[in-house]
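Take a look at the letters that make up each chain.
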Amino acid sequence: MMSRSYTNLLDLASGNFPVLGRERKRLPRVMTVPGNVYELDDDQANSVSSDVPSSVAQDRIIIVANQLPVKAKRRPDNKGWSFSWDEDSLLLQLKDGLPEDMEVIYIGLLKVEVEANEQDDVSQVLLEKFKSVPAFLPSDVFNKFYQGFCKQQLWPLFHYMLPFSADNGGRFDRTLWEAYVYANKLFSQKVIEVINPEDDYVWIHDYHLMVLPTFLRRRFNRLRMGFFLHSPFPSSEIYRTLPVREEILKALLNSDLIGFHTFDYARHFLSCCSRMLGLDYQSKRGYIGLEYYGRTVGIKIMPVGIHMGQISSVLKQADEEWRVAELKQQFEGKTVLLGVDDMDVFKGINLKLLAMEQMLKLHPKWQGRAVLVQIANPARGRGRNLEEIQEEIQASCRRINEEFGGPGYEPVVFIDRPVSVSERMAFYTIAECVVVTAVRDGMNLTPYEYIVCRQGASVAGSSSVLTGPKKSMLVVSEFIGCSPSLSGAIRINPWNVDATAEAMNEAISMPDAEKQLRHEKHYRYISTHDVAFWARSFLQDMERTCKDHFRRRCWGIGLSFGFRVVALDPNFRKLSIDDIVAAYSSAKSRAILLDYDGTVMPQSSINKRPSQEVISILNTLCGDDKNMVFIVSGRGRESLGTWFSTCEKLGIAAEHGYFLRWPLDNKWEICGQGTDFGWIQMAEPVMKLYTESTDGSSIETKESALVWHHRDADPGFGSSQAKELLDHLESVLANEPVAVKSGQFIVEVKPQGVSKGLIAEKIFTTMAEKGRQSDFVLCIGDDRSDEDMFEIIGDAMNKNILSSHTALFACTVGQKPSKAKYYLDDTTDVINMLEALAEASDLTSPKSSDSASPKSGIEGKP
């Protein structure tokens, strides 16, 4: 039974919403996908993968976000709409970083509500004149989607606010989640209307559309798709409280590239993937990637920049309007500290006011001289918390001005009206220092804008160039995304009011030469890492991540948000039982090598003793005189010998081949290079040290090896300790004849020259020397140690240990990158395949044991 925590995508695809109703079907206005138009409203699990050459010769990018970069206004006569570009929109500005010949299509919502009878006309105009496709959400859906799930669930949680009470962020409401998923589905339909899946890139923006990748990936397995999160991503301890945590993670992993502003945000995301989905990331040549069902999902860390040209233009406008001169005159003789923030619970405006109050108390010299100008942009959301914060801010302003103010002097100038962009730039120009005390913010470009304005309007050819050296100072919260990029800023913990007050005093008291050096450092970075650089870098990484899309075989599996695409090398395919049985039946000498744990025994099983079914199948295979069957395992010889005591004709290689027992022989042969285990006294104390400090870890002592297990430890800490232990052991045992290797939740020390690959080669060689060169080889395993066996098979052919006509079946368990050419999904598939081979043996082999002759097999130790 499917958990109720999942919203069924099949229901969503058919519009089966008990609370939202069905969406009216409407013919898409634009269609470039081969197929019937009327089919596109049915979002079934089958992928659309066109073999028809695309009609678009050049690359095209579809940018999907909550809002279009378009302004809409009713015409004065109330007949229709007028539209214009929103020059302040990041989505519009990022075009500067894209190739000039790349077509850009925008998909998103308008900031105004359009009546249903006008929507077709509006869509037509926006598509023709702005290359934009508007998505229209019913008002009830929009309120639950945006004001509900986005603003009451995701926004607080991603900014580290837990819903401890119904008033604090809001408890989880499943109807809001359903509206969120439904809205994302409507966005996906708009993408489907205009997409060329073989040629287009899709770039999705921000937390409003985090499940959109799943809808698109279901339709287009090979779609080139990136996602960028503009808000913080919380630590796993916070994120894990979200009831739909796995659904959102899996949806994001259907993207090819996931972008974050800072390493902290990316690290938190990777930690969530590790703890909740068991996925570990790898860093290779500067790129971070997550292996997810054969696909490498790239992780991009790149803070967004500002549009230099737009700021220069606005700064010139501010100068032409004489606004800079007016402000200089208004604050003449004063040192201006500036704050520019949205009216938001997370912006820490009142903390800034308290710090200003404390600075004036601790440093009376600034009384009458220092002024904090705080611009509060209109709130984007609504709620009781917002009203309380506004009252708190107003109270602080009154108190500070009453205590420290006087005739012609107000220490705090609070501006809570809408401020134009040009006026904001004018304030930047005259401010000695900008203070940002947000307690959590995704990026915050206020410091960037300030630095460019303080450089002066020379970039715009204006007369408002600041005379003398260019200087600026920043006091920024360490909890905002731009903080790591501003190494010359004074970073503060905004919750520490005293420290913030001292930082503000330090900033405005600093010598001009120091201010100049810090300003120059910041300006060099900001001017070279602008929004165009960010967009260009993201697109280049998306191209690199997606370069193998059309070379690999892909198909979708799973229901609901468990859907994912499995991408495999063209030569890597599922083992066909019919094919292997045919090759098996025609062979005269067969070698069958089987791993144990994870291959014939599920990893999750607590009782590791083989079932009677497995014993029966192995006995049947061993009873065929043409077969040489071996269990090749990392387990000890005692347990394997006991478990398979009833399989007399079964060969066993224990502890990765250090011990070898041939069929019909009770003696164990040592295949390692030496029997000196003095290194154990050196390695064991080191392992015990890490075991004591790592809860959930343990040591397994084998006859030839020591293994440190951390499967039951904290995933992050266990992995970190494993890396440290590996390095520690390699150092301690550098001069010993041992190999130190890491595996799946293990670190192992074993003698050199011991591996499953070497023991496989020994078996093949012995069979050839006895005149039984194999013309059929089956080798199955599930982990890293088994890759040695898969690799040795090809080498064995080159060494003439195996014939060039040998039928080779190297098979891994699970769909994952491997040196094997075949895979089976799980241990059940393995057992079914072995059972089919056993049945083939029953049909072809003589029934009488008298038919066996000494030449037909290897009996005992060779």
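Residues numbered from 1 in each chain as written. Predicted model: local features only at pLDDT ≥ 70, side-chain atom pairs only at ≥ 80, totals over all residues. Heavy atoms only, no water.

**Details of the overall build of the protein chain**
Here's step 1: Looking only at helices and strands, the protein chain has 26 helices and 32 strands in total.
Here's step 2: Total accessible area on the protein chain stands at roughly 37200 Å², and carbon and sulfur atoms take up 47% of it. (Helix = DSSP H or I, 4+ residues; strand = E, 2+ residues; numbered from the N terminus. Areas by Shrake-Rupley, 256 points an atom, 1.4 Å probe, with all protein chains shown as cover.)

**Structural notes on the nonpolar core**
Here's step 1: Grouped together as the largest cluster of nonpolar side chains are 108 residues, with contacts concentrated most on Ile-61 and Val-373.
Here's step 2: Ignoring any residue separated from it by four or fewer positions in sequence, one finds Ile-61 in contact with Leu-98, Met-102, Glu-103, Val-104, Ile-105, Tyr-201, Trp-203, Leu-539 and Met-542. (Core = buried A, V, L, I, M, F, W, Y, C linked by side-chain atoms within 4.5 Å. Buried < 20%, exposed > 50% of the residue type's maximum accessible area, 1.4 Å probe, protein only. Contact = heavy atoms within 4.5 Å.)

**Quick look at the sheet that holds strand β29 (residues 746–751)**
Here's step 1: Strand order in the open sheet formed by four strands is β26-β27-β29-β28, with antiparallel pairing between adjacent strands. Pairing within the sheet leaves two strands with one partner each, and these edge strands are β26 (698–701) and β28 (738–743). Each strand axis lies, on average, 15 degrees off the axis of its neighbour in the sheet, ignoring direction. (Pairing = 2+ DSSP bridges. Axes fitted to C-alpha atoms, helices over the stretch in contact; angles between N-to-C directions.)

**Some words on the sheet that holds strand β12 (residues 335–342)**
Here's step 1: Sheet architecture is open: six strands sit in the order β14-β13-β12-β15-β16-β17, paired in parallel fashion. For this open sheet the edge positions go to β14 (412–415) and β17 (490–492), each flanked by a neighbour on one side alone. Neighbour-to-neighbour, the strand axes of the sheet open up by a mean angle of 20 degrees, direction not taken into account.
Here's step 2: Sitting on the sheet, helix α12 (residues 349–362) touches β12, β13 (370–377), β14 and β15 (433–436), and the angle it makes with β13 is about 175 degrees.
Here's step 3: Against the sheet, helix α14 (residues 421–430) touches β12, β13, β14 and β15, its axis set at about 145 degrees to β12.

**A few points about the environment of Thr-701**
Here's step 1: As for its placement among the helices and strands, Thr-701 is situated in strand β26.
Here's step 2: A C-alpha to C-alpha distance of 9.1 Å links Thr-701 and Glu-684, two positions 17 residues apart in sequence.
Here's step 3: In this view, Thr-701 contacts Glu-684 and Leu-706; residues no more than four positions away in its chain are not counted.

**Side note on unusual backbone geometry**
Here's step 1: A positive phi angle, near 60 degrees, is found at His-656, a position not held by glycine.
Here's step 2: Mapped onto the fold, His-656 is located in the loop between β23 (651–654) and β24 (659–661).
Here's step 3: Assessed through its relative accessible area of 8%, His-656 is described here as buried.
Here's step 4: At Leu-664, a position not held by glycine, the phi torsion is positive, near 60 degrees.
Here's step 5: You can see Leu-664 is positioned in the loop between β24 and β25 (669–670).
Here's step 6: Leu-664 gets classed as partly exposed once you look at its relative accessible area, which sits at 40%.

**Quick look at the environment of Tyr-584**
Here's step 1: Counting through the fold element by element, Tyr-584 comes out in helix α19 (residues 577–586).
Here's step 2: Tyr-584 sits in the buried class, given a relative accessible area of 0%.

**A closer look at helix α22 (residues 680–693)**
Here's step 1: Over its 14 residues, α22 extends 20 Å from the first C-alpha to the last, a length consistent with the 20 Å expected when each residue adds 1.5 Å.
Here's step 2: All of the buried residues along α22 are Ile-680, Ala-683, Val-686, Met-687 and Tyr-690. Seen end-on, α22 carries its buried residues on one side only, within an arc spanning 140 degrees. Exposed residues on α22 whose side chains face more than 90 degrees from its buried face are Gln-681 and Glu-692.
Here's step 3: As for α22, its buried residues are in contact with β26, β27 (706–709), α23 (715–732) and β29. (Expected span 1.5 Å × (residues − 1). Arc of directions from axis to C-beta.)

**A closer look at the pattern of salt bridges**
Here's step 1: Applying the stated rule across the entire model yields 36 salt bridges.
Here's step 2: One salt bridge connects Lys-352 with Asp-341, and the closest N-O pair in it is separated by 2.7 Å. Note that Lys-352 is positioned in helix α12 and Asp-341 in strand β12, a separation of eleven residues in sequence. Both residues of the pair, Lys-352 and Asp-341, count as buried.
Here's step 3: In this structure, Lys-347 engages Asp-441 in a salt bridge whose closest nitrogen and oxygen atoms are separated by 3.8 Å. (Salt bridge = Lys/Arg side-chain N within 4 Å of Asp/Glu carboxyl O.)

**Thoughts on the pairing of strand β8 (residues 257–260)**
Here's step 1: Neither face of β8 is exposed, since Leu-257 and Gly-259 on one face and Ile-258 and Phe-260 on the opposite face are all buried.
Here's step 2: Examined bridge by bridge, strand β7 (residues 224–228) and β8 share three bridges and lie parallel to one another. Within β8, the residue paired with Gly-226 across the bridge is Leu-257.

**A closer look at the packing of aromatic side chains**
Here's step 1: Applying the stated rule across the entire model yields 33 aromatic pairs.
Here's step 2: When the centroid spacing of 5.8 Å and the interplanar angle of 35 degrees are considered together, the rings of Trp-155 and Tyr-207 count as tilted. With Trp-155 in helix α4 (residues 139–158) and Tyr-207 in the loop between β6 (200–205) and α6 (212–219), the pair connects residues that are 52 residues apart, well separated along the chain.
Here's step 3: Owing to a relative accessible area of 3%, Tyr-207 belongs among the buried residues under this scheme.
Here's step 4: Relative to Phe-644, the ring of Tyr-596 lies with its centre 5.7 Å away and its plane at 85 degrees, an arrangement referred to as edge-to-face. Within this pair, whereas Tyr-596 is found in the loop between β21 (590–594) and α20 (612–622), its partner Phe-644 is found in the loop between α21 (637–643) and β23, the two being separated by 48 residues in sequence.
Here's step 5: With relative accessibility at 0%, the residue Phe-644 sits in the buried group.
Here's step 6: One aromatic cluster in this structure is built from Phe-145, Phe-149, Phe-172, Trp-177 and Tyr-180.
Here's step 7: Over the aromatic face of Tyr-287 sits the side chain of Arg-544, whose NZ or CZ is 3.4 Å from the ring centroid.
Here's step 8: Seen from the ring of Phe-659, Arg-637 lies directly overhead, with NZ or CZ sitting 4.0 Å from the centre. (Phe/Tyr/Trp six-rings, centres within 6.5 Å; stacked < 30°, edge-to-face > 60°. Lys NZ or Arg CZ within 6 Å of the ring centre and 35° of its normal.)

**Overview of the pairing of strand β11 (residues 295–301)**
Here's step 1: In terms of residue burial, β11 counts as a mostly covered element, since five of its seven residues are buried.
Here's step 2: Inspection of the sheet shows β8 paired to β11 by four bridges, in the parallel sense. Residue pairing across strands places Gly-259 opposite Lys-300, the latter belonging to β11.
Here's step 3: Pairing between strand β10 (residues 287–292) and β11: five bridges, direction antiparallel. Within the sheet, the bridge partner assigned to Glu-291 lies in β11 and is Thr-296.

**Quick notes on the confidence of the model for the protein chain**
Here's step 1: Put simply, the protein chain has an average pLDDT of 85, and 87% of its residues get 70 or more.
Here's step 2: Ignoring residues within four places in sequence, the model shows residues 1–57, a span with pLDDT below 50, making 116 contacts including any to other chains.
Here's step 3: A low-confidence stretch, residues 847–857 stays under pLDDT 50, and its non-local contacts, those more than four residues away or across chains, total eight contacts. (pLDDT = per-residue confidence, 0-100.)

**Considering the packing of α4 against helix α5 (residues 174–194)**
Here's step 1: Orientation of α4 relative to α5, taken along the N-to-C sense of each, is 115 degrees, at an axis distance of 8 Å. In this view, α4 runs roughly perpendicular relative to α5, as classed from their interaxial angle. The interaxial crossing formed by α4 with α5 has left-handed handedness. Of α5, the residues touching α4 (which contributes Val-141, Lys-144, Phe-145, Gly-148, Phe-149, Cys-150, Gln-152, Gln-153 and Leu-154) are Thr-175, Leu-176, Trp-177, Ala-179, Tyr-180, Tyr-182, Ala-183 and Asn-184. (Parallel < 35°, antiparallel > 145°, perpendicular 65-115°, else oblique. Left-handed = near helix turned anticlockwise from the far one by under 90°.)

**A few points about a negative patch on the surface**
Here's step 1: A cluster of acidic side chains, namely Glu-387, Glu-388, Glu-391 and Glu-392, defines a negative patch on the protein surface.
Here's step 2: Examined against the element boundaries, Glu-387 turns out to sit in helix α13 (residues 384–404). (Patch = residues over 30% accessible without salt bridge, like charges linked within 9 Å, V, L, I, M, F, W, Y side chains within 5 Å. Lys, Arg positive; Asp, Glu negative; His and termini not counted. Charge placed at Lys NZ, Arg CZ, Asp CG, Glu CD.)

**Considering the side chain of Lys-347**
Here's step 1: Structurally, Lys-347 is set in the loop between β12 and α12.
Here's step 2: Looking at Lys-347, the relative accessible area reads 6%, which means it is buried.
Here's step 3: Setting aside its immediate chain neighbours within four residues, Lys-347 contacts Asp-341, Asp-342, Thr-437, Ala-438, Val-439 and Asp-441.

**Some words on the environment of Glu-237**
Here's step 1: Here Glu-237 shows up in helix α7 (residues 236–239).
Here's step 2: Note on Glu-237: relative accessible area 47%, which makes it partly exposed.
Here's step 3: Expressed as a C-alpha distance, the spacing of Glu-237 and Tyr-160, which sit 77 residues apart in the sequence, is 9.8 Å.
Here's step 4: A polar atom in the side chain of Glu-237 sits 3.4 Å from the side chain of Ser-236. (Polar contact = N/O pair within 3.5 Å; in protein donor to acceptor, adjacent residues only side chain to side chain.)

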